[in-house]
Protein chains: 2
Amino acid sequence: MTQPLRIALAGLGTVGGGVVKLLEANRALIERRAGRPIAITAISARDRTRDRGVDLSGFAWVDDAATLATRDDVDVVVELIGGADGPALTLARATLAAGKAFVTANKAMIAHHGVELAEAAEKADAALKYEAAVAGGIPVIKGLREGAAANEIGHVYGILNGTCNYILTKMEQEGLDFADVLAEAQALGYAEADPSFDIDGVDAAHKLSILASLAFGTTLDFDSVAISGIRHVIAADIAEAQALGFRVRLVGLAEAGGGGLFQRVHACLVPISHPLAHVVGSLNAVVAEGNFVGRLFFEGRGAGEGPTASAVVADLIDIARGEYGPAFAMPVASLAHLPPAIPGERNGRAYLRFTVADRPGVLAEITAAMRDAGVSIESLIQRGAAADGGVLLVMVTHDCPESAVADALDRLKGSASILSQPMLMHILDI
Amino acid sequence: MTQPLRIALAGLGTVGGGVVKLLEANRALIERRAGRPIAITAISARDRTRDRGVDLSGFAWVDDAATLATRDDVDVVVELIGGADGPALTLARATLAAGKAFVTANKAMIAHHGVELAEAAEKADAALKYEAAVAGGIPVIKGLREGAAANEIGHVYGILNGTCNYILTKMEQEGLDFADVLAEAQALGYAEADPSFDIDGVDAAHKLSILASLAFGTTLDFDSVAISGIRHVIAADIAEAQALGFRVRLVGLAEAGGGGLFQRVHACLVPISHPLAHVVGSLNAVVAEGNFVGRLFFEGRGAGEGPTASAVVADLIDIARGEYGPAFAMPVASLAHLPPAIPGERNGRAYLRFTVADRPGVLAEITAAMRDAGVSIESLIQRGAAADGGVLLVMVTHDCPESAVADALDRLKGSASILSQPMLMHILDI
């Protein structure tokens, strides 16, 4: 075990550069912990000339990343190219087919092709590891795959997108509107020029589907994640939620039970007493609730050069130590196929915000629709003028089937009293 | 790998019973995750007749736990007897000498004899695992040994004793005094009849010394942990701390740097913005700060039947999978020997509480001592009558060497103005 573990690195963006820096900065410590040196031998990236602030001269440079898979001087390929398909997937398949270990930070690829790749890894008896794909530096893949492995897990959920959490907590702290904070975040480089992948919940959904598979021992099912984002959260939602004892967070939530798999990414109201309410800025956090361990809570940095590189190199150390096994905690053949849970069957409280016309009878109309749908109201606040001249009406329902709330909103569709699309957020009562 | 992993269980108290229940309740899931069944074959406990609420009839019962080590039908011995020495240590040595895997929840034994046992495990090429020894169900041993393995860790610290945290947060929430809450906790079974092991910080110190070894790659050094507990925290400390923006927590803190190893268990003031300030009741939490990953925060249940059993069985699953290696993350020969840090060299802010005579000139005397010791004062509160007729004087210093604060207190020793032993708590400024 004193032979170096030889690494090829495909992709030299922020994370790739971070891996090079980390392996250099912590070289001696890593060798002690891994039991042998971890050494980069070959690299590949699109632009050979860009200055990445790290010395790459000691590594073989290849233009076609796919050739890394079959080099004799490579034991592990680290893929940091990104994208669910394309060169990343080609490289993953080629690496595992060649019987080499494969490490990736690519949540989209794992969410879409994780089962296929895990099967290929099993066939080749090779490692497939992806700690960096979910929640950056926080060891949640390990936490679920190993730390909580003795438990039947009922729920796994968390704050899985730092950009959204940055925006929501900035709105919360400064009373700003979504669009203003987004523009500021883009100017500072915290949000992408095209931010839809983050703020519409797709990135969080990729991560959630991976967590769900590990937590419940089920096959990955990204396609059945119900996804919405934070575009429709307004400053008033955050202020009213706060007045009612909640904070607004984009939560990815997965539950297994009743023979179905429930997966949703949604802006939620989180009670102030829940640890997720105290996760601020760009931090990520994951909660798993196990039948023996109770609630486990993990928090840390979910993105960025250092944290993501930390997770990639943790995977490499596991491989160097020979401490790894099936990618999804069990052989693919043992994973259960759970159908998606039937929408609406879930129970819970909900937050609803309406902008309504300022005239008598409107409240009666809305509360009648609630009554007819079987939804009872826990609290209700009506405020002066909303931005568009109407009145802001905010309510929290008692616990009821989600389908009943949807039914109430259906009944109100087309009502002349309601001036804009109502806002529905579920309440995290776990 | 489809042969069952055969377990012997020594000790059938709360945790032992929990392990039996867990292996039964989650049997099918564990077999899928571990890749093979995990089956108890033999057990040993002091009292054969006690009803433990679990069916033990299928297991061989032995009276002398040490004989478990050499049974042909046992692959792993799980030690849940407790105690740093005595039968637990005898069993550990015998098991590893017989080349079998050893799993324990025994923090005292690992803190005192961990290096010896790790050497024995290496020699025998056998697993030595102890996830349950620190922070119960929270996978912090794994988090440090593997999850954060790529990082140089500067600080590792946390809330490591649930009894103390229960008492402190109960004092905080209800304004009660230490003695009253302790009595209540004892009545409810949350605190031992002899609570000194918990409330004087020894239990937390055992755990801290283990975390420090893993975090810094150093040999265990329990003897150099500076230990104090929570007996001297009064309701007024908690109220004044709160007014100043802090909460009082018993924190175990270890730092490596400047060529020395700093380890201390101490009641601290934790800023309200720090995640440890939000850890309430009997929960535990651990923070590790790595040079690439930044701050990692783990929270969960630190004791009790279910959480501790969860950690024990996680270790068993790792062994069943063949995913384990050196007990302290690297071979014992690679662990560094760091001398204890020189006391007083550390810098920080401090909280000081005096009960002083209610007469002119007292404040001048105390502030002069501070000045002469080179300690400057950030804030100072003087309150009406304290319990013993004096005046309560509370201050927070600016950042300064801890030795300067000690010097100031030395200068005030024997002063007739000071009516009782001053209280010093350090401020957690990490």
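Fair warning: this is a prediction, and the values are worked out from it, not measured in the lab.

K.L.:
What exactly am I supposed to notice about the sheet that holds strand β2 (residues 38-44) of chain A here?
P.N.:
For sheets, the rule is that strands pair by backbone hydrogen bonds, running either parallel or antiparallel. All names here are of chain A. Strand order in the open sheet formed by six strands is β3-β2-β1-β4-β5-β6, with parallel pairing between adjacent strands. Every other strand in the sheet has two partners, leaving β3 (60-61) and β6 (128-129) as the edge strands with one partner each. In this structure, β2 lies alongside β3, joined through two bridges in parallel fashion. Bridge pairing links Ile43 to Trp61 in β3. Across the face of the sheet, helix α3 (residues 86-97) comes into contact with β1 (5-10), β4 (76-79) and β5 (101-104) while running at roughly 155° to β5.

K.L.:
Help me out: how do you make sense of the packing of helix α6 (residues 162-174) of chain A against helix α10 (residues 235-243) of chain A in this one?
P.N.:
Each pair of packed helices gets described by two things: the angle between the helix axes and the distance between those axes. All names here are of chain A. Where α6 meets α10, the closest approach of the two axes is 9 Å, and the angle between their N-to-C directions is 70°. By the angle class used here, α6 and α10 are roughly perpendicular. Residue-level inspection shows Leu168, Met171 and Glu172 of α6 in contact with α10, the latter providing Ala235, Ile238 and Gln242. Residue composition of the contact of α6 with α10, grouped by class: four nonpolar, one polar and one charged.

K.L.:
In this structure, what is going on with the sheet that holds strand β6 (residues 128-129) of chain B? I would like to understand it.
P.N.:
Residue and element names in this part refer to chain B. Reading across from one edge, β3-β2-β1-β4-β5-β6 is the order of the six strands in this open sheet, with parallel pairing throughout. Looking at which strands have only one partner, the edges of the open sheet turn out to be β3 (60-61) and β6. As paired elements, strand β1 (residues 5-10) and strand β2 (residues 38-44) share six bridges and run parallel to each other. Looking at the pairing, Ala8 lines up with Ala42 of β2.

K.L.:
I would appreciate a short explanation of the domain arrangement of chain A in the present structure.
P.N.:
Where interface size is given, it is often the accessible area lost as the parts come together that is meant. Residue and element names in this part refer to chain A. The domain architecture assigned to chain A consists of domain 1 (5-137 + 321-329), domain 2 (145-299) and domain 3 (347-427). Between the C-alpha centres of domain 2 and domain 3 there is a distance of 24 Å. Taken together, the 14 residues of domain 2 in the interface contact 15 residues of domain 3. One salt bridge connects Arg353 with Asp237, and the closest N-O pair in it is separated by 2.5 Å. Taken together, the connections running from domain 2 to domain 3 amount to seven residue pairs in polar contact (both at pLDDT 80 or more). Among the secondary structure elements, those contributing two or more residues to the side of domain 2 that touches domain 3 are α10, β9 (246-257) and β10 (260-271). No other element matches the five residues that β10 contributes to the side of domain 2 that touches domain 3. When its residues are assigned to classes, the side of domain 2 that touches domain 3 shows nine nonpolar, two polar and three charged.

Calculation notes
Residues numbered from 1 in each chain as written. Chains lettered and ligands numbered in written order. Predicted model: local features only at pLDDT ≥ 70, side-chain atom pairs only at ≥ 80, totals over all residues. Heavy atoms only, no water. Pairing = 2+ DSSP bridges. Helix = DSSP H or I, 4+ residues; strand = E, 2+ residues; numbered from the N terminus. Contact = heavy atoms within 4.5 Å. Axes fitted to C-alpha atoms, helices over the stretch in contact; angles between N-to-C directions. Parallel < 35°, antiparallel > 145°, perpendicular 65-115°, else oblique. Nonpolar A, V, L, I, M, F, W, Y, C, P; charged D, E, K, R; others polar. Domains from an automatic or database assignment. Salt bridge = Lys/Arg side-chain N within 4 Å of Asp/Glu carboxyl O. Polar contact = N/O pair within 3.5 Å; in protein donor to acceptor, adjacent residues only side chain to side chain.

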